[in-house]
Protein chains: 2
Amino acid sequence: MKQLKIHSQAFNYPIIFEENLSAKLVELGKKYKIHILIDKHVAKIYKDVLKEKKNYASIKLIDPIEDKKNIQEISSYIEYLLSNNIHKDHKLVVIGGGLVQDIGSFVAHVLLRGIEWIFIPTTLLAMADSCVGSKSGINVGKYKNQIGTFHPPIAIYIYLPFLKTLPQTEMVNGIGEILKHAFIKDGKSFNFISDNIDQFGKNQKISGEIIYQSLLIKKEIVEKDEFEKHLRKVLNYGHTFGHALEGYTNHKISHGVGVLIGMDIANYISLKKKMLSIDEFNQMHELIFSFTKNYKVQINNYDTYMDFLSHDKKVIGNEVSAILAKGIGKIEIVKTKLDVKLKNYIKGYFKHMENKS
Amino acid sequence: MKQLKIHSQAFNYPIIFEENLSAKLVELGKKYKIHILIDKHVAKIYKDVLKEKKNYASIKLIDPIEDKKNIQEISSYIEYLLSNNIHKDHKLVVIGGGLVQDIGSFVAHVLLRGIEWIFIPTTLLAMADSCVGSKSGINVGKYKNQIGTFHPPIAIYIYLPFLKTLPQTEMVNGIGEILKHAFIKDGKSFNFISDNIDQFGKNQKISGEIIYQSLLIKKEIVEKDEFEKHLRKVLNYGHTFGHALEGYTNHKISHGVGVLIGMDIANYISLKKKMLSIDEFNQMHELIFSFTKNYKVQINNYDTYMDFLSHDKKVIGNEVSAILAKGIGKIEIVKTKLDVKLKNYIKGYFKHMENKS
């Protein structure tokens, strides 16, 4: 089985591509006292995964919706675990996507001042991206992701068959981050991803290899900057322009489409600023476009879009720390004024796209 | 000004004995954007401390009662800070006793995935003991202190004048831990504390020196075992028997009296187990007794007391990890059966005390 090792300030942990998850869970249940937090939809579809119920000290189904990723709801999970006599030596096994990961990671960090946890990601985004990095974000009142912790799991098991039942939107959410990693870091991984991404989801071996390559890139960045001081900020590539697009469309487009088009916008601005060559712009655009071509995204009111942009957390005063590209693998953070010039670049991007189609 | 430096895994931080707290707060307010969490009683008595209100980004009064040390209440403090635009570079200044410290430390740890905080303890217990160690404990539902974190402050300022208005019960709570530190660690600090403890509270210079010596001992233990794996457990000396006494008396006796008598019981058991000489028992007893003699503590039903003892978190199966003494500075964790023999030792202790008085 393929695996990587992530070096964290707390300890090192492996990511293991697991072929028989059911057997692995039984094995873990024999080794440790285990409490399971699992996405309720996953629990329903993959009943066999948890069939040996007597192996587990407790099982809690999580409803994976943003409105329940708050401190009140999470308190109730903690009370549930305490009522099931969770102890400092027990392990928490968390099965789900990024939202369930946020909850599990936070619970494991604060419960009994920290217990060990194991993560089994079930979405492509969680497998290829968010599982590495140890961050969690929880909502409090109207404030989104404003509390959180850094608490890596002791192990991550990736089980590719989960992808078979994943909705298309969720696939694109993962692809967005996979391409982002490829663009951030040139080299063997970029070549493998760009050469094979069209096969993603069709061939399990290739899917696994693409996820592995994506994780290698994320690993390199996060290991250099675990606590998000500077370098890790490049991982926001595509996100500033993407989030504003998600906001502008009232979340009619998914995060994945937002990030993909967001990178395309960032690249177009880079092209116009003469940072990026037209060849490189086109090379990246083609990869992006193969996943976004079915989504019609338009802007009618650029002032409203700029307003969404101005609320990004990377905005200080009238400047946004835009993450632009000098080439594949050459990402740069460029302080950019939120002015007419920027608005015209963005207008230019959408006009350019219209003319192409 | 006297100071110590505490070495923590995260970073090192100083404890500074501050003579002009008001000026120090003004200075901090000029250096950083500051948000204050303060015990509402302290805020009332020491109005002058916060007189320069415009220096602070926000001030939140905390009602320091156990029932409000829960995750719901703490969420409301976090929302308050977010509504006052708290930012990752701002500092949280926490002013109060151990309970306010628990809240402040937890908030600082999880808010925006960790911000820096400064602690100003206002009780003797917090000054001489709990301010070092970086632990926090928060209640969730009916479960006490079952969630928490390790998050040291960047600096601690000790301002002795706070002791002038501290209730006697609170003084004894601090004395309990100060004597505990002295008993755990033989040497210069023990000699200074035992020779001068009768002057505590009467002479500010001596009070300051006793707190300093107490902190030196706590520092040595916590630095060796920040995350409470083993050694730090000796800090529970007196607490197992003391907590059961607090429970038995339905909290009519304070934590300080509980810990003091708890140590005396532990020493008596050590004496009966021939671990401790009668001379050393008496030497420690006299120090303890000078602070407990005004409190009449009796047990009428030893089975009920044993029942409280059996609920201690250091009990596994039918055994308690009792923290006993082989001498001053020679503390040992001894697995002890919760049996008739132990009950008779405890009975023997109270009979012995009755005969003495």
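The rules behind the values
- For every chain, the first residue of its written sequence is number 1, and the numbers climb from 1 along that sequence.
- Think of it this way: whatever chain is written first is A, whatever ligand is written first is 1, and the rest follow in order.
- In keeping with the predicted nature of the model, local features appear solely for residues at pLDDT of at least 70, side-chain atom pairs appear and are counted solely at 80 or more, and the whole-chain, interface and lining totals rest on all residues.
- A helix here means a DSSP run of H or I that spans at least four residues, while a strand means a run of E at least two residues long, and both kinds are numbered starting from the N terminus.
- For the radius of gyration, the atom set is restricted to C-alpha positions; the globular benchmark scales as 2.2 Å times the number of residues to the power 0.38.
- Between the buried cut of 20 or more and the exposed cut of 12 or fewer other C-beta atoms within 10 Å of a residue's own C-beta lies the partly exposed class, and all C-beta atoms are placed from the backbone.
- Contacts are defined on C-beta atoms placed from the backbone: any two residues whose C-beta positions lie within 7 Å are in contact.
- A pair of strands is labelled paired if DSSP reports no fewer than 2 bridges between them.
- For this overlay, a least-squares fit was computed on C-alpha atoms, restricted to residues scoring pLDDT of at least 70 in both copies.
- Axis definition: a line fit to C-alpha positions, over the contact stretch in the case of helices; interaxial angles, taken between N-to-C directions, run 0 to 180 degrees.
- Nonpolar residues are Ala, Val, Leu, Ile, Met, Phe, Trp, Tyr, Cys and Pro. Charged residues are Asp, Glu, Lys and Arg, and all others, Gly as well, are polar.
- To form a nonpolar core, buried Ala, Val, Leu, Ile, Met, Phe, Trp, Tyr and Cys residues must be joined through C-beta atoms within 7 Å.
- Crossovers are described as right-handed under a simple rule: with the strands pointing away from the observer, the path leading from the first strand over the helix to the second runs clockwise.
- All domain edges in this entry derive from an automatic or database-based domain assignment.

1. Quick word on the overall build of chain A
Turning to step 1, where the next piece is worked out: Helix and strand content of chain A: 13 helices and twelve strands.
Turning to step 2, where the next piece is worked out: Here the C-alpha atoms of chain A give a radius of gyration of 21 Å, agreeing with the 21 Å that 2.2 N^0.38 yields for 357 residues.
Turning to step 3, where the next piece is worked out: Taking all 357 residues of chain A together, 46% fall into the buried category.
Turning to step 4, where the next piece is worked out: Within chain A, counting contacts between residues at least 6 apart in sequence, those at least 24 apart form 69% of the total.

2. Points about the sheet that holds strand β10 (residues 315-316) of chain A
Turning to step 1, where the next piece is worked out: Overall, antiparallel pairing links the three strands, which are arranged β10-β11-β12 (chain A) in an open sheet. The strands lining the two open edges of the sheet, one partner per strand, are β10 and β12 (330-337) of chain A.

3. Points about the relation of the copies chain B and chain A
Turning to step 1, where the next piece is worked out: When chain B is fitted onto chain A, the two copies agree to an RMSD of 0.1 Å after a turn of 180° and an axial shift of 0.0 Å. Seen this way, the second copy is the image of the first under a two-fold rotation axis. Rotation axis and chain B: the residue whose C-alpha lies nearest the axis is Q72(B), separated from it by 3.4 Å.
Turning to step 2, where the next piece is worked out: When the interface residues of chain B are mapped onto chain A, 100% of them again fall at the interface, so both copies present the same face.

4. Points about the sheet that holds strand β9 (residues 155-158) of chain A
Residues and elements named next belong to chain A.
Turning to step 1, where the next piece is worked out: Here seven strands make up an open sheet; going across it, the order is β1-β2-β9-β6-β5-β3-β4 and the pairing mixed. Only two strands of the sheet have a single neighbouring strand rather than two, namely β1 (3-7) and β4 (58-62). If you compare each strand with its neighbour and ignore which way they point, the axes differ by 15° on average.
Turning to step 2, where the next piece is worked out: In this sheet, β4 lies alongside strand β3 (residues 34-39) in parallel orientation, the contact comprising five bridges. Within β4, the residue paired with I36 across the bridge is I59.
Turning to step 3, where the next piece is worked out: Against the sheet, helix α8 (residues 204-224) makes contact with β1, β2 (12-17) and β9, and its axis sits at roughly 15° relative to β1, the strand it touches most.

5. Things to note about the interface of chain B and chain A
Turning to step 1, where the next piece is worked out: Between chain B and chain A, the contact holds 19 residues from the first and 19 residues from the second.
Turning to step 2, where the next piece is worked out: By residue number, the principal contributor to the side of chain B that touches chain A is helix α3 (residues 71-83) of chain B, which donates six residues.
Turning to step 3, where the next piece is worked out: For the side of chain B that touches chain A, a count of residues per class yields ten nonpolar, six polar and three charged.

6. What about the nonpolar core?
Turning to step 1, where the next piece is worked out: Counting residues in hydrophobic clusters, the biggest one holds 204 residues, and the most contacted among them are V107(A), L111(A), A266(A), V107(B), L111(B) and A266(B).
Turning to step 2, where the next piece is worked out: Not counting residues up to four positions away in its chain, the partners in contact with V107(B) are I74(B), Y77(B), I78(B) and L92(B).

7. Some details on the pairing of strand β6 (residues 116-121) of chain B
Residue and element names in this part refer to chain B.
Turning to step 1, where the next piece is worked out: In terms of residue burial, β6 counts as a mostly covered element, since five of its six residues are buried.
Turning to step 2, where the next piece is worked out: Bridge count between strand β5 (residues 91-96) and β6: six bridges; the pairing is parallel. Bridged to G96 within β6 is P121.
Turning to step 3, where the next piece is worked out: What joins β5 to β6 is helix α4 (residues 98-110), and the crossover it makes is right-handed.
Turning to step 4, where the next piece is worked out: Taken together, the two bridges between β6 and strand β9 (residues 155-158) define a ladder with parallel strand orientation. Looking at the pairing, I118 lines up with A155 of β9.

8. A short note on the domain arrangement of chain A
Turning to step 1, where the next piece is worked out: Assigned domains within chain A: domain 1 (3-166) and domain 2 (231-356).
Turning to step 2, where the next piece is worked out: Distance between the C-alpha centres of domain 1 of chain A and domain 2 of chain A: 33 Å.

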